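Now for the letters of each chain:
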Amino acid sequence: MPERVIGGFRKIGHRTIDGVWRMGVSTRFFLLTLMHSGICLRRPQLVIREIFSAGVLSLIIIIVSGLFVGMVLGLQGYETLQTYGSEEALGILVALSLVRELGPVVAALLFASRAGSAITAEIGLMKATEQIAAMEMMAVDPIARVVAPRFWGAVISMPLLAALFSAMGIFGGYLVGVVMIGVDDGAFWSQMQSAVDFREDILNGVIKSVVFGVAVTVVALFEGYDAPPTAEGVSRATTRTVVTSSLAILALDFVLTALMFRGV
Amino acid sequence: MSGNLVEIQGLHFAYGKRPILKGIDLSARKGQVVAIMGNSGCGKTTLFRLISGAVKATQGTLKVDGLNVGDLDQDGLYQLRRRMGVLFQFGALFTDMSVFDNVAFQMREHTDLPEAMIRDLVLMKLNAVGLRGAHDLMTSELSGGMARRVALARAIALDPMLILYDEPFAGLDPISLGVIGNLIRRLTDTLGLTSIVVTHDVQESLKMVDYVYFISEGMVEAQGTPAEIKASGLPFVHQFVHGEEDGPVLFHYPADPYPADLRLSHA
């Protein structure tokens, strides 16, 4: 029995040390990426290519999801607001929900699943097929040539995708609330215009999406670069990217929301 | 000073506490094709990684063109690698690039040559391996032998002084095998390179190399010209060259006596 207890403690200890070690290594990896980012200014076409991979190829899922989330918000919001006779405030509800929370958070979750997993799988497979090693043998630093352009491409894409998600969501809310249900067109837009503040709401939403973009991309890049060079290793790394970055998004969202909107 | 491009003396290497190389002495003269042979797990790939500077020796000296590889920092190592080419076992071509872009990769990364000149150089390198007509193909459209030849064109892109080949014959059909063997010999001679081939393909290697090192259990077991190796009476070399199942390298992994494992001792 004591053997089993000691074994359990030992396992917890190992996992803790491993977790702290991974955090340290990933932080060093992040700093190295920033230090090697000069190439992105010298050769912007490398970043533009990654904006296409991470951003443009994520457009469909972002647009469709944004539209449906906005439509659901329109329906649910109308149901609630009409109880209090405030259905004209539907525009405010839809816009604030999207710009402050759902836009950055849901877009980041979708981004982690679509682009984050793709980044991890691509880099993991490059490692497994010795492409990373070949690059090092050709005296080309893979952190500068492979990692940094993907980092900046994804970080630039994320706020743009979040903005597009919010815009599509508002359009979805408009379709349901105004076109289908018949909420007053003028009230919908004018109340939204007066209630949504650029700095408090939009800018804070943009800051959130940038932070989420950095978190998702660092996790995705590190997991890919650290993946064991086997099929199973790449598969596990891809799964870890989605799980870790999703949890990071939700945790960071709480912290940022507390700081931004409650003045903590 | 001798005309050796690569000089290794008393080289030791261990992964943790497990020794892999136990005092290797080896040299490669300029213009030679040198083969490093041995059975799987004997340490030849580790030696390949040591020469390329991917790992550092625990003891001994390893010099490439007079530079002690173990003493070089990252910048020094990268400077040296610009003068080295490496052919990986399965080519390690960049899968998101065309054949042309793979060969042009180092030129674009390390030189300021205009694109028109890069085009001409890439086509010349591809012509040397017989694949000028394939420059537009993606790497997924290449056979194993073609991929190996494109990787060879990429390795000679910046006219290196030394090329390292990691199992260049692995998994190739007999025609591709002969083509790669001839290319290694021809490119070494015409471009004035030095080539080090890590392989266990005895027959193909002995046709075209100048000198052979046999490694067994982390040490140089035998060395000599192909003629000397073929005539060698050493049991290990004889077993290896003739592909014999049993000899100094045992067929059976060490185990308890067979009857005991099958519990036949009480019968």
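Residues numbered from 1 in each chain as written. Chains lettered and ligands numbered in written order. Predicted model: local features only at pLDDT ≥ 70, side-chain atom pairs only at ≥ 80, totals over all residues. Heavy atoms only, no water.

(A) Inspection of the sheet that holds strand S6 (residues 84–87) of chain B at higher detail. Residue and element names in this part refer to chain B. What the 6 strands build is an open sheet, ordered S6-S7-S8-S3-S9-S10; its pairing is mixed. Looking at which strands have only one partner, the edges of the open sheet turn out to be S6 and strand S10 (219–224). The average angle at which neighbouring strand axes cross in this sheet is 15°, direction not considered. Note: strand S3 (residues 33–37) against strand S9 (residues 211–216), 4 bridges, orientation parallel. Each residue of the ladder has a partner; that of Ala35, found in S9, is Val212. Where helix H9 (residues 235–242) meets the sheet, its contacts fall on S3, S9 and S10, and the angle it forms with S9 comes to roughly 110°. (Pairing = 2+ DSSP bridges. Helix = DSSP H or I, 4+ residues; strand = E, 2+ residues; numbered from the N terminus. Axes fitted to C-alpha atoms, helices over the stretch in contact; angles between N-to-C directions. Contact = heavy atoms within 4.5 Å.)

(B) Representation of the packing of helix H3 (residues 99–110) of chain B against helix H4 (residues 115–128) of chain B within the structure. All names here are of chain B. Following both chains from N to C, one finds H3 and H4 inclined at 120°, their axes separated by 9 Å at the closest point. Classified by the interaxial angle, the pair formed by H3 and H4 is oblique. By crossing handedness, the relation of H3 to H4 is classed as right-handed. Between H3, through Val99, Phe100, Val103, Ala104, Met107 and Arg108, and H4, the contact on the second element is made entirely by Glu115, Ile118, Arg119, Leu121, Val122, Lys125 and Leu126. Split into classes, the residues belonging to the contact of H3 with H4 amount to 9 nonpolar, no polar and 4 charged. (Parallel < 35°, antiparallel > 145°, perpendicular 65-115°, else oblique. Left-handed = near helix turned anticlockwise from the far one by under 90°. Nonpolar A, V, L, I, M, F, W, Y, C, P; charged D, E, K, R; others polar.)

(C) Fine view of the interface of chain B and chain A. Residue-level contacts link 20 residues of chain B with 16 residues of chain A. Note on chain B versus chain A: buried area summed over both sides is about 1,700 Å², and carbon and sulfur give 59% of it. One can count 3 salt bridges joining chain B with chain A. For the pair chain B and chain A, the interface holds 6 residue pairs in polar contact (both at pLDDT 80 or more). (Buried area = accessible area lost by both parts, 1.4 Å probe. Salt bridge = Lys/Arg side-chain N within 4 Å of Asp/Glu carboxyl O. Polar contact = N/O pair within 3.5 Å; in protein donor to acceptor, adjacent residues only side chain to side chain.)

(D) Inspection of the pattern of salt bridges at higher detail. Inspection of every chain in the model, using the stated rule, returns 21 salt bridges over all chains. Between Glu101 of chain A and Lys208 of chain A there is a salt bridge whose closest N-O contact spans 2.6 Å. Residue Glu101 of chain A is found in helix H5 (residues 90–128), and its partner Lys208 of chain A is found in helix H9 (residues 198–226); the two are separated by 107 residues along the sequence. On the basis of relative accessible area, Glu101 of chain A is assigned to the partly exposed category, the value being 24%. For Arg185 of chain B, the salt bridge is made with Asp189 of chain B, and the minimal N-O distance between the two is 2.9 Å. (Buried < 20%, exposed > 50% of the residue type's maximum accessible area, 1.4 Å probe, protein only.)

(E) Inspection of the sheet that holds strand S5 (residues 67–68) of chain B at higher detail. Residue and element names in this part refer to chain B. Here 4 strands make up an open sheet; going across it, the order is S2-S1-S4-S5 and the pairing antiparallel. Where the open sheet ends on each side, the last strands, each with one partner, are strand S2 (18–29) and S5. The pairing of strand S1 (residues 4–15) with S2 spans 9 bridges and is classified as antiparallel. The residue bridging Val6 from the neighbouring strand is Ala28, located in S2. Packed onto the sheet, helix H1 (residues 44–51) meets S1, S2 and strand S4 (59–64) and runs at close to 120° relative to S1.

(F) Layout of the side chain of Arg154 of chain B. Mapped onto the secondary structure, Arg154 of chain B falls in helix H5 (residues 144–155). It turns out Arg154 of chain B is buried and unbridged, and the closest side chain with the opposite charge, Glu130 of chain A, is 8.6 Å from it. A polar contact of 3.2 Å, which involves the side chain of Arg154 of chain B, links it to the backbone oxygen of Gly91 of chain B. What Arg154 of chain B contacts, discounting residues up to four positions off in sequence, is Ala134 and Met138 of chain A together with Gly91, Ala92, Leu93, Phe94, Asn102, Val103 and Gln106 of chain B. (Lys, Arg positive; Asp, Glu negative; His and termini not counted.)

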